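Examining the three-dimensional arrangement
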Amino acid sequence: GCVYVADTNSHRIQKFDGSGTFIKQWGEYDELAPGKFSGPKGIAVANGSVYVADTGHDAIQQFSTNGTFANMWGTEFLSSPDGIAVGTDNNVYVADTAHNHIHRFDSTGTCTGTFTNSFSSPAGIAIDSSGSIYIADTSNHRICKLNSAGTPTLTFGSQGNSNGILNSPYSSAIGIDGSIYVADTNNHQIQRFSATGTF
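Structural notes, computed from the coordinates. (Residues numbered from 1 in each chain as written. Predicted model: local features only at pLDDT ≥ 70, side-chain atom pairs only at ≥ 80, totals over all residues. Heavy atoms only, no water.)

**Overview of the environment of Ser172**
- Summarising the element assignment, Ser172 is placed in strand E18 (residues 169-174).
- Residue classification places Ser172 among the buried positions, given a relative accessible area of 12%.
- In sequence terms Ser172 and Ile127 are 45 residues apart; their C-alpha atoms lie 9.4 Å from each other. (Helix = DSSP H or I, 4+ residues; strand = E, 2+ residues; numbered from the N terminus. Buried < 20%, exposed > 50% of the residue type's maximum accessible area, 1.4 Å probe, protein only.)

**Details of the sheet that holds strand E11 (residues 92-96)**
- Taken in spatial order, the 4 strands make up an open sheet running E10-E11-E12-E13, and their pairing is antiparallel. Of all strands in the sheet, those with a lone pairing partner are strand E10 (81-86) and strand E13 (111-115), marking the two edges. The sheet shows a mean angle of 20° between the axes of neighbouring strands, direction not considered. (Pairing = 2+ DSSP bridges. Axes fitted to C-alpha atoms, helices over the stretch in contact; angles between N-to-C directions.)

**Points about the sheet that holds strand E15 (residues 133-137)**
- Spatially, 4 strands are ordered E14-E15-E16-E17 in an open sheet, and the strand pairing comes out antiparallel. Only two strands of the sheet have a single partner each, and these edge strands are strand E14 (122-127) and strand E17 (152-156). Here the strands of the sheet are splayed against their neighbours by 20° on average, with no regard to which way each runs.
- Where E15 meets strand E16 (residues 142-146), 5 bridges bridge the pair, whose relative direction is antiparallel. Across the sheet, Asp137 pairs through a bridge with Arg142, a residue of E16.

**Structural notes on unusual backbone geometry**
- Even without glycine at this site, Asn47 takes up a positive phi of about 55°.
- With respect to the helices and strands, the residue Asn47 is situated in the loop between strand E6 (43-46) and strand E7 (49-54).
- Judged by relative accessible area, which is 59%, Asn47 ranks as exposed.
- Unusually for a residue other than glycine, Ser121 sits at a positive phi of about 55°.

**Some thoughts on the pairing of E11**
- Counted residue by residue, E11 has 5 buried out of 5 residues, so it is predominantly covered.
- Taking every second residue as pointing to the same face, both faces of E11 are buried, with Val92, Val94 and Asp96 on one and Tyr93 and Ala95 on the other.
- Bridge count for E10 against E11 is 4 bridges, and the pairing is antiparallel. Among the inter-strand pairings, Val86 is bridged to a residue of E11, identified as Val92.
- Taken together, E11 and the strand that follows it, strand E12 (residues 101-105), pair antiparallel across an intervening segment of 4 residues, in which Asn100 is found at a positive phi of about 60°.

**Description of the pattern of salt bridges**
- Counting across every chain of the model gives 4 salt bridges.
- Note that Lys36 is salt-bridged to Glu28, the shortest N-O span being 2.3 Å.
- When its relative accessible area of 41% is taken as the criterion, Glu28 is described as partly exposed.
- Note that Asp137 and Arg142 form a salt bridge whose closest N and O atoms lie 2.6 Å from each other.
- Residue classification places Asp137 among the buried residues on the basis of a relative accessible area of 0%.
- Look at Arg142 and you get buried, because its relative accessible area is 16%. (Salt bridge = Lys/Arg side-chain N within 4 Å of Asp/Glu carboxyl O.)

Structure below.
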């Protein structure tokens, strides 16, 4: 029930309880090292771990829920990682934003798959209860749905400013009813779609 925040410009993670009361923080700006960040953006919490997309360091850092460092990976091939999510298969999915890829890692940080699908600056990642992966494909102004093998199963959105049209969507989230909520960034609004991509 706690809330974990990637406090990007302060280069730290903050932890709050469900009512917004501060619990603790960890991290500071420095060269790449355990618990040292450079503009962290994405964050995911699952199975007792907190996964942080350490964007400026081109790395993923893993911690316990109390902030104890556990693992680090990705520096050899990530570039400005942004979105991060943990799937129902316990794999960690990362938006390798500057390389226009999505990578799948196992729980030890070993890359087990790379998905392309002509992405352009992919950012946010959301995963539904069936394991489907939703990518906010920001510079393509669309949402892409993939299965766990990385095969595209649905794409919706195009650039514009009317209902069902997106402009640089940055992130998405899946509701308990299967609805897809999209941060339509440059249109300064949230849009809601059905599981089939209907506005």
